[in-house]
Amino acid sequence: MSPQRILFIGGTGIISSASVSHALDLGHDVTVLNRGTTGIRPLPDGARSIVADIRDPEATRAALDAAGEDFDVVADFLSFTPDQVQSGIDLFEGRVGQYVFISSASAYQTPPSRLPVTESTPLRNPHWQYSRDKIACEDLLVSAYRERGFPVTIVRPSHTYDATSVPTLGGWTDIARMRAGKPVVVHGDGSSLWTITHTRDFAVGFVGLLGHPAAVGDAFHITGDHAPTWDQIYRWLGAAAGVDPELVHVASDTIAAVHPAWGDGLLGDKAHSMVFDNSKVKGLVPEFRTTVTFDKGAHEILAWYDANPDRQIVDAAADAAFKRVLALPRS
């Protein structure tokens, strides 16, 4: 595929940063639009920067006009509600060949009536407002495509991580508890299957869709094929941390009742087995596959945190919630 002029809106987050790097590696012309405030994942050499707040459409339009560039592809990682998507349509309709909206695999029917999940699985999540907003965003974009030919591609990631992100309820707090010899809470019975995808693998599938004419007007999930149990995820983290963790299984409803901040993401996503059929994206991007399984990814995470102890921040509220959960009577 010929080099594309790509604008990433966001570009420095867990999901997007590896895609920026991979796009550059493939020879694409890459520009990133964001507020220019992040330091965890700095822009790689070769990426141009436009500093603007996408939530301010007029300022964004002015910054784009000042840059004096047109783009073949706009990849929007920062729209979460229909009004934000409408702003993107207003900004880019008629001036871009492909607008890629990053939705979420949590938009699929939850819990799913059958596995594996495919792109034809219904979109319905009664448990999580975040997911319902993403569905509403998709509805708006599909209407724009059907009515006016707005060149949208919808991408639905599932749980994507990098070295900076511990993918468990408590994040680093869980690792700290493991190393302190304290029990760690795992939702449910620990046996549900959870698809977890390294951001470098996601990037291969994602960038492969950019500028691909067959991707316009369609939707794809990009999730990888690696679906360990939650117990395996916690135990691999423990092994990377140098300990054999004590895992305590607690019903998801109970955890959500004790600490409501975890409730929506738990009951609306992580509490259910999620396994995906990725044949659709592989049909357009045959090089997409899982190269980093979580037993390897866990070691990347621990190496990143151990390289700088200042990153090892225990969340006092999460730790207190675990103590309350563990104090409850268990059968």
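Look a little higher up for the structure.
All values derive from a computational prediction rather than experimental measurement.

### So, the overall build of the protein
Move 1: When you go through the protein residue by residue, the secondary structure sums to 12 helices and 11 strands.
Move 2: A compact globule built from 331 residues would reach a C-alpha radius of gyration of about 20 Å, and the protein, at 20 Å, matches this within 12%.
Move 3: Projected onto its principal axes, the C-alpha coordinates of the protein cover approximately 60 × 45 × 35 Å.
Move 4: By sequence separation, contacts in the protein at least 24 residues apart represent 77% of the contacts at least 6 residues apart.
Move 5: Summed over all atoms, the accessible surface of the protein reaches about 13,800 Å², with 51% contributed by carbon and sulfur.
Move 6: Put simply, the protein has 28 plus and 39 minus side-chain charges, and the middle of one group is 4 Å from the middle of the other.

### With respect to the packing of helix H5 (residues 172-179) against helix H7 (residues 230-241)
Move 1: One way to put it is that H5 packs onto H7 with a least axis distance of 10 Å and a crossing angle of 60 degrees. What the angle tells us is that H5 and H7 run oblique. Pair H5 / H7 crosses with right-handed handedness. For the pair H5 and H7, contact is made by Asp174, Ile175, Met178 and Arg179 and by Tyr234, Leu237, Gly238 and Ala241, respectively.
Move 2: The class makeup of the residues in the contact of H5 with H7 is 5 nonpolar, 1 polar and 2 charged.

### Thoughts on the nonpolar core
Move 1: By size, the foremost hydrophobic cluster in this structure holds 39 residues, and its most contacted members are Ile175, Tyr234, Leu237, Phe294, Ile301 and Leu302.
Move 2: Sorting the residues of this core by element identifies H5, strand S8 (184-187), H7, strand S11 (247-250), helix H11 (294-306) and helix H12 (316-327) as the ones contributing at least two each.
Move 3: For this core, the leading source of residues is H7, giving 6 residues.
Move 4: Within the second largest apolar cluster, 26 residues are counted, among which are Val20, Ala23, Leu209 and Val281.

### So, the pattern of salt bridges
Move 1: Evaluation of the coordinates by the stated rule reveals 14 salt bridges.
Move 2: Its salt-bridge partner being Arg41, residue Asp162 comes within 2.8 Å of it at the nearest N-O pair. With Asp162 in the loop between strand S7 (159-161) and H5 and Arg41 in the loop between strand S2 (29-34) and strand S3 (48-51), this pair connects stretches of sequence that are 121 residues apart. For the pair Asp162 and Arg41, a shared accessibility class is recorded, and that class is buried.

### Observations regarding the sheet that holds strand S1 (residues 5-9)
Move 1: Read across the open sheet, the 7 strands follow the order S3-S2-S1-S4-S5-S6-S10; overall the sheet is parallel. Looking at the sheet topology across the chains shown, the edges are occupied by S3 and strand S10 (218-222). With direction set aside, neighbouring strand axes in the sheet form an average angle of 20 degrees.
Move 2: Bridge count for S2 against S3 is 4 bridges, and the pairing is parallel. Across the sheet, the residue bridging to Val32 is Ser49, located in S3.

### Some details on the pairing of S10
Move 1: Where burial is concerned, most of S10 is hidden: 4 out of the 5 residues are buried.
Move 2: Pairing between strand S6 (residues 152-157) and S10: 5 bridges, direction parallel. Along S10, the bridge assignment pairs Val155 with Phe220.

### Concerning unusual backbone geometry
Move 1: That bond from Thr110 to Pro111 is cis: its omega, -5 degrees, falls within 30 degrees of zero.
Move 2: Looking at the secondary structure, you find Pro111 in the loop between strand S5 (96-102) and helix H4 (129-148).

### Overview of the packing of aromatic side chains
Within a pair of aromatic rings, the relevant descriptors are the distance that separates the centres and the angle that separates the planes.
Move 1: Per the counting criterion, the structure on display carries 14 aromatic pairs.
Move 2: Aromatic ring contacts, followed pair by pair, group Phe8, Phe77, Phe202 and Phe206 into a single cluster.
Move 3: Taking NZ or CZ as reference, Lys280 lies 5.1 Å from the ring centre of Phe220, over its face.
Move 4: A cation over a ring is seen here: Arg311 above Trp304, with NZ or CZ 3.9 Å from the ring centre.

### Things to note about helix H3 (residues 82-92)
Move 1: Gln84, Val85, Ser87, Gly88, Ile89, Leu91 and Phe92 are the residues of H3 that are buried.
Move 2: Each element contacted by the buried residues of H3 is listed here: S1, helix H2 (57-67), strand S4 (71-76), S5 and H4.
Move 3: One or two residues past the end of H3 sits Gly94, with phi positive at roughly 85 degrees.

About the thresholds
- Residues numbered from 1 in each chain as written.
- Predicted model: local features only at pLDDT ≥ 70, side-chain atom pairs only at ≥ 80, totals over all residues.
- Heavy atoms only, no water.
- Helix = DSSP H or I, 4+ residues; strand = E, 2+ residues; numbered from the N terminus.
- Rg over C-alpha atoms; globule rule 2.2 N^0.38 Å.
- Contact = heavy atoms within 4.5 Å.
- Areas by Shrake-Rupley, 256 points an atom, 1.4 Å probe, with all protein chains shown as cover.
- Lys, Arg positive; Asp, Glu negative; His and termini not counted.
- Charge placed at Lys NZ, Arg CZ, Asp CG, Glu CD.
- Axes fitted to C-alpha atoms, helices over the stretch in contact; angles between N-to-C directions.
- Parallel < 35°, antiparallel > 145°, perpendicular 65-115°, else oblique.
- Left-handed = near helix turned anticlockwise from the far one by under 90°.
- Nonpolar A, V, L, I, M, F, W, Y, C, P; charged D, E, K, R; others polar.
- Core = buried A, V, L, I, M, F, W, Y, C linked by side-chain atoms within 4.5 Å.
- Buried < 20%, exposed > 50% of the residue type's maximum accessible area, 1.4 Å probe, protein only.
- Salt bridge = Lys/Arg side-chain N within 4 Å of Asp/Glu carboxyl O.
- Pairing = 2+ DSSP bridges.
- Phe/Tyr/Trp six-rings, centres within 6.5 Å; stacked < 30°, edge-to-face > 60°.
- Lys NZ or Arg CZ within 6 Å of the ring centre and 35° of its normal.

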